[in-house]
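A closer look at the structure
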Amino acid sequence: MNKLLLAALVSGAMSVSAFAADYTILAPAGPGGGWDQTARTMQEALTAEGISGNVQVTNVPGAGGTIGLAQFATQENGNPNALIVGGYVMVGAILTNMSPVTLADVTPIARLTGEAVAIVVPSASDIQDLAGLIAKLKENTGAVAWAGGSAGGVDHITAGLIAKTIGVDPTQVNYIAYSGGGEALAAILGGQVTVGISGISEFASQIEAGELRLLAVSSDERVPGIDGPTLKEAGVDLAVQNWRMVAAAPGITAEQKAAISADIEKMVSSASWKSALEAKGWVDTYLAGDAFDTQLAADIAATETILKDIGLVQ
């Protein structure tokens, strides 16, 4: 009897494994950035936890994720195995690029993580703290070159809001957009720009190695494990949080959406995912279903208002 029970359990486990969904995850940016890290962290967690038997990640960089988004919406219509990561940056890029394809053309599944933005300079910079950066911005706003992610994304928005908050013209901010975190990091370390701005996880190892100096983080409170003040502590009354999400293809059935949503919920509840978030300094901001749809609509409207305020959208 015990042998029969064991055989049944093994057979059941094999059948569950056999029917686990294989996913492809599109990261609409170059290697090294937040979306790429998110996609590959999902890949690791989904496979490590046995939620998916095989997960492949592809990169399609350009235009704040809107090139990848357009390709995904067109090529993956009706495919229940296709996922794409996105977030705050994509919302802004859709607006600034006047993209004909928007998040309404895919199937949003869930918000996954939040992350503070870090403001850094090379260790050799004469800027020692945020006060030094503010002084340079007030002296000649356009002479301060910022390196960050895509135009209209959270990095660009934060740079503009810092300028606005300290009383300089945000439309004069000299922001240089890079499609991937690796490219921006190379420009910062190479002294091609004055200051870098991006998610903490993209700069963490260089800060720890002493190659970059952290001036401030954009969160309301200090980030655990990161030795740096918040913008508010450093004298700029501002807090901004980036967020990242996952969406499925357009044209899938309600049952297929429910199955994907269940897999993502298992992933975010897993030990593998929680461990990765802690290691990367990401905040668990998981939100799904109707609540996420409502929040996403509110975030899109709020982002449009901010972009108009800092002169990026008419």
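Report on the accompanying structure. (Residues numbered from 1 in each chain as written. Predicted model: local features only at pLDDT ≥ 70, side-chain atom pairs only at ≥ 80, totals over all residues. Heavy atoms only, no water.)

**Some points on the side chain of S219**
By the element assignment, S219 lies in the loop between β8 (212-217) and β9 (241-248). Residue S219 is classed as buried on the basis of its relative accessible area, which comes to 15%. From its side chain, S219 meets the backbone oxygen of E221 in a polar contact 2.6 Å long. Leave out the neighbours within four places in its chain, and S219 touches A116, T230, A239 and V240. (Helix = DSSP H or I, 4+ residues; strand = E, 2+ residues; numbered from the N terminus. Buried < 20%, exposed > 50% of the residue type's maximum accessible area, 1.4 Å probe, protein only. Polar contact = N/O pair within 3.5 Å; in protein donor to acceptor, adjacent residues only side chain to side chain. Contact = heavy atoms within 4.5 Å.)

**Some thoughts on the environment of Q192**
Locating Q192 in the fold gives a position in the loop between α7 (181-189) and β7 (195-199). For the pair Q192 and W146, spaced 46 residues apart in sequence, the C-alpha to C-alpha distance is 9.6 Å.

**Some words on helix α8 (residues 200-208)**
Among all positions in α8, only I200, S201, E202, F203 and Q206 are buried. Of the residues one or two after α8, G210 is the one with positive phi, at around 85 degrees.

**Quick word on helix α2 (residues 34-48)**
Over its 15 residues, α2 extends 21 Å from the first C-alpha to the last, a length consistent with the 21 Å expected when each residue adds 1.5 Å. Of all 15 residues in α2, 11 are buried, a share of seventy percent or more. When we look at burial in α2, the residues that qualify are G34, W35, D36, Q37, T38, A39, T41, M42, Q43, A45 and L46. (Expected span 1.5 Å × (residues − 1).)

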